[in-house]
Amino acid sequence: MSRYAGDAEAIRKLVREAEVHRDVFVDEELFQLEMEHLFANTWVYVGHDSQVANEGDFYTTTIGSQPVVMVRHTDGEVKVLLNRCPHKGVKIAGETCGNTGKVFRCPYHAWRFRTDGSLLSLPWTQGYDDTGFKDSPAAKGMTRVKNVHNYRGFVFARLNDEGPGFEEFFGDSLSSFDNMVDRSPAGKLQVAGGVLRYMHNCNWKMLVDNQTDTCHPMVAHESSAGTAKAMWQKAPEGTPKPMAVEIFVPFMSPYEDFDKMGIRVWENGHGHTGVHHSIHSDYSAIPGYFDQMTAAYGEERAKAILSEARHNTVYFPNIMIKGPIQLLRLFKPISANRTLVESWTFRLVDAPDLLLERTLMYNRLINAPTSVVGHDDLEMYERAQEGLHANGNEWVNMHRLFDPAELTQKNVITVGTNEWVMRNTYRAWAHYMTLDM
Amino acid sequence: MKRNDPRIEGAVPSDKELVDFVLREARMLDQQRFEDWLTLFADDGYYWMPLEWGQTDPKLVCSLMYEDKLLLSVRVERLKGERTFSQKPKSRSHHVLQMPHVESRDEAANSYVMWTSMHYVETRNDEQTLYAAWATHHLAVEDGKLRIKLKRVDLVNCDAAFGNIQLFM
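Remember, predicted model here, so these are calculated numbers, not experimental data.

### Section: the overall build of chain B
When its secondary structure is counted, chain B shows 3 helices and 7 strands. Secondary structure elements of chain B occur, N-terminal to C-terminal, as α-α-β-β-α-β-β-β-β-β. Taken over the C-alpha atoms alone, chain B extends approximately 50 × 35 × 30 Å along its principal axes. Relative to its full complement of 169 residues, chain B shows a buried share of 33%.

Structure below.
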């Protein structure tokens, strides 16, 4: 029984001004439609170009449900190919990363492809003459995603040939990427430290939603951040504040503080918390770093770059970045009730190692499957995934600080506990789900 | 300890005492005697669960856990909390250890390394997950008692995607 396929109106009705229907989170048919439409109409993060630094370097991942390989072509550009042999469908690149040289070779029948996907050769060509092969899709090679954009190292792809342009889709929100990259004295990031992979039995949008949810840390994370804060308060006076305490304690900031931190709302579901101040604002200075930044940019510009304390910038559909600690989280959809969360970290090229050390500490304390913060978040998502099946009220509520005037406003700074970015997430969801229906 | 009074300097643990220590440590975890378990760590002790196969750097390569006694104490304290939602209901654990092996002993340096292959089960609600790992204990005698300077847990699938791992392996 199909309730939503091909019915744009039914899909739009799932998103009210300040409420979202539970099917958006629990319905498998909608999930399949997301894979088919939403993840094809939008610019989805693929990977960072430092993962494929040299010609022939490749990295395999997914865009929604699509297996892809990101590869550095012989012309120096990063290409994104669907990772299947046009012959029998075998995944050509089998490992997460590696170097394939100038060609991909299918391990099943040795069909060979250039790193832009085009078919280079078959091993035993007689037998294909006059068969119609040369006009078949197989003769075209591995399917290349035409719309790929490398923004300062961050590689995005849009699977559908038609759709919004990259700049049109992201608009002013790219300033958060700029700030993260500018924090390197060399203006360059490198993926570093390894990736944390955390399996969540919940819908991917629960994680998206959580990124600008400033009314949960002091509640859900009382057991972790609150305990760390209480224990730290018992430490003898004069004890140097450990990095871990600096990381944990701001999670316990009261509502008033989160209100004052502010939220910036962009179009298309993008936005960020921490406009004026954030939980990352009061970290200790890293010795030598400011001098390196001043040498690279001049004092005024260095101060401007470092005074941005953007907390979480969420990019629709499925990533979040933290500029001040060089971290990117990717929410990979697997099914309506299953999501793989990958937390990637970056080295600021030419900056002190201690910055990467802090980034990695943050990542394992907050985003690891062993994290006491992550445990309570996941508990909430999983309870929601189950609880949403309750009948009687089929709507998820997002009324906090809703004002109908917001429907026509763009690029706005608002109170830090506003659920506006969440509402925009689902407005964008309805738009990009139905754009090509 | 061999020299009868354990408080005397240079007390040396026997192999059996080293083995018993490792077995007792796992038993404490399974019995959820977390406060007692913490006392097994030296003040500068660490618990390390690498993320990478054969990882050598705990600081510039990410780990699942790399925690000093303060962070371990936060975990133990949190497990007791009324608002520790991911522990309502609580998890339980079960260790099966292969006979711990004395990897090296250096009495002069007061350094003893134990190597133990193990299966670890963690369970909560209706879910039960099996992990296979090797534990490496770096031990030293402090005030006459064996203490953990470093407990390293290498999962055979350290780079896999995991759900919650909430207790200690």
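### Structural notes on the overall build of chain A
From N to C terminus, chain A includes 15 helices and 21 strands. Relative to the 2.2 N^0.38 estimate, which gives 22 Å for 437 residues, the radius of gyration of chain A is 23 Å and therefore close to what a compact globule would have. Across its three principal directions, the C-alpha atoms of chain A cover 85 × 60 × 40 Å. With 437 residues in all, chain A has 48% of them scored as buried. Restricting the contact set of chain A to residue pairs at least 6 apart, pairs at least 24 apart contribute 67%.

### Here's the deal with the packing of helix 11 (residues 289-297) of chain A against helix 12 (residues 299-307) of chain A
In helix packing, the relevant descriptors are the interaxial angle and the interaxial distance, both defined with respect to the helix axes. Residue and element names in this part refer to chain A. In contact at an axis separation of 7 Å, helix 11 and helix 12 are set at 125 degrees when each is read in the N-to-C sense. As the angle between them shows, helix 11 and helix 12 are arranged oblique. Taken as a pair, helix 11 and helix 12 cross one another with a handedness that is right-handed. Contacts from Phe 290, Met 293, Thr 294 and Tyr 297 in helix 11 reach Glu 299, Arg 301, Ala 302, Ile 305 and Leu 306 in helix 12.

### Observations regarding the interface of chain A and chain B
Across the boundary between the two partners, chain A contributes 31 residues, which contact 29 residues of chain B. For the side of chain A that touches chain B, the elements supplying multiple residues, two or more each, are strand 13 (196-200), helix 8 (222-233), strand 19 (338-348), helix 13 (353-366) and helix 14 (372-387) of chain A. Of the residues assigned to the side of chain A that touches chain B, the class counts are 15 nonpolar, 9 polar and 7 charged.

### Focus: the sheet that holds strand 2 (residues 44-48) of chain A
Two modes of strand pairing occur in sheets, parallel and antiparallel, and in both the strands are linked by backbone hydrogen bonds. Residue and element names in this part refer to chain A. Pairing in this open sheet of 3 strands is antiparallel, and the strands run 2-11-10 from one edge to the other. Looking at which strands have only one partner, the edges of the open sheet turn out to be strand 2 and strand 10 (147-151). With direction set aside, neighbouring strand axes in the sheet form an average angle of 25 degrees. Bridging between strand 2 and strand 11 (residues 154-158) involves 4 bridges; their strand directions are antiparallel. Pairing of His 48 across the sheet is with Phe 154, part of strand 11.

### Comments concerning the environment of Asn150(A)
Examined against the element boundaries, Asn150(A) turns out to sit in strand 10. For Asn150(A), the contacting residues outside a window of four places in its chain are Asp49(A), Val78(A) and Val155(A).

### Remarks on the nonpolar core
Residues and elements named next belong to chain A. Core analysis: the biggest nonpolar cluster contains 139 residues, and Val 46 and Met 70 have the highest contact counts within it. In terms of residue count, the dominant contributor to this core is helix 15 (residues 420-434) (8 residues). Excluding residues that lie within four positions of it along the chain, Met 70 makes contacts with Val 46, Gly 47, Val 52, Phe 58, Tyr 59, Thr 61, Val 78, Val 80 and Val 155.

### Some details on the environment of His73(A)
Residues and elements named next belong to chain A. Tracing the backbone shows His 73 in the loop between strand 4 (66-72) and strand 5 (78-82). The partly exposed category is assigned to His 73, around which 18 C-beta atoms lie within 10 Å. A C-alpha to C-alpha distance of 6.2 Å links His 73 and Gly 56, two positions 17 residues apart in sequence. Contact partners of His 73, with chain neighbours within four places excluded, come to Lys 79, Thr 115 and Asp 116.

Calculation criteria
- Residues numbered from 1 in each chain as written.
- Chains lettered and ligands numbered in written order.
- Predicted model: local features only at pLDDT ≥ 70, side-chain atom pairs only at ≥ 80, totals over all residues.
- Helix = DSSP H or I, 4+ residues; strand = E, 2+ residues; numbered from the N terminus.
- Buried ≥ 20, exposed ≤ 12 C-beta atoms within 10 Å, placed from the backbone.
- Rg over C-alpha atoms; globule rule 2.2 N^0.38 Å.
- Contact = placed C-beta atoms within 7 Å.
- Axes fitted to C-alpha atoms, helices over the stretch in contact; angles between N-to-C directions.
- Parallel < 35°, antiparallel > 145°, perpendicular 65-115°, else oblique.
- Left-handed = near helix turned anticlockwise from the far one by under 90°.
- Nonpolar A, V, L, I, M, F, W, Y, C, P; charged D, E, K, R; others polar.
- Pairing = 2+ DSSP bridges.
- Core = buried A, V, L, I, M, F, W, Y, C linked by C-beta atoms within 7 Å.

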